[in-house]
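# Structural description and commentary
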Amino acid sequence: MKHTDVRAALTDLLLTPGLALDEAAERHFAPDYRQRTDGDWADRTEFLEHIAHLRTVVVGGSVEVHDELVDGDRYADRHTMTVAKADGSTVRMEVYLFGEFAPDGRFRRIEETTLMLEGSAADRNLGSAR
């Protein structure tokens, strides 16, 4: 089974200007997708509201995957997301992620914990801000 991964998903969602949010989401996230970030659950609609907000804040960045494991429909990774914000500041977060794939290879569920490496106190909730 061909499946997505976090680098491809985040690149399409946040780092590919001109790619419509709905198109990016359809590539990587199943209709019943849900996500828990630092203890807060979001359904697919709430997740896309979060990404729409980030698209107004983020002007560039990168994803560095440090560790990645796929076992059947299970996915785990540790990655660092670096974003350049429209206000000129930079935020870096290390993310510990466990996920599950839908049968078509898109993410059905992600549960993640974030660790702020660089940024202001106000950026601490960037991983779930709407």
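Below is a short write-up of the structure. (Residues numbered from 1 in each chain as written. Predicted model: local features only at pLDDT ≥ 70, side-chain atom pairs only at ≥ 80, totals over all residues. Heavy atoms only, no water.)

Within the open sheet, the 6 strands sit side by side as 2-1-6-5-4-3. Their pairing is mixed. Taken across any chain shown, the strands that pair with only one partner, and hence form the sheet edges, are strand 2 (40-43) and strand 3 (58-71). Direction aside, the axes of adjacent strands within the sheet are offset by 20 degrees on average. Relative to strand 6 (residues 107-118), strand 1 (residues 29-37) is paired through 5 bridges, and the arrangement is parallel. What sits directly across from Q35, in strand 6, is I110. Across the sheet, helix 1 (residues 6-14) touches strand 1, strand 3, strand 4 (74-85), strand 5 (90-101) and strand 6, and the angle it forms with strand 4 is around 35 degrees. Sheet strands in contact with helix 2 (residues 21-28) are strand 1 and strand 6, and its direction is about 90 degrees off that of strand 1. (Pairing = 2+ DSSP bridges. Helix = DSSP H or I, 4+ residues; strand = E, 2+ residues; numbered from the N terminus. Axes fitted to C-alpha atoms, helices over the stretch in contact; angles between N-to-C directions. Contact = heavy atoms within 4.5 Å.)

As a further point, take the packing of helix 2 against helix 3 (residues 44-57). Here helix 2 crosses helix 3 at 130 degrees, and the two axes come no closer than 11 Å. Accordingly, the angle class assigned to the pair helix 2 and helix 3 is oblique. For the pair helix 2 and helix 3, the crossing hand works out as right-handed. Where helix 2 approaches helix 3, its residues L21, A24, A25 and E26 are matched on the opposing element by R44, L48, I51, A52 and R55. In terms of residue class, the contact of helix 2 with helix 3 is made up of 6 nonpolar, no polar and 3 charged. (Parallel < 35°, antiparallel > 145°, perpendicular 65-115°, else oblique. Left-handed = near helix turned anticlockwise from the far one by under 90°. Nonpolar A, V, L, I, M, F, W, Y, C, P; charged D, E, K, R; others polar.)

All quantities given are derived from atomic positions and should not be read as evidence of function.
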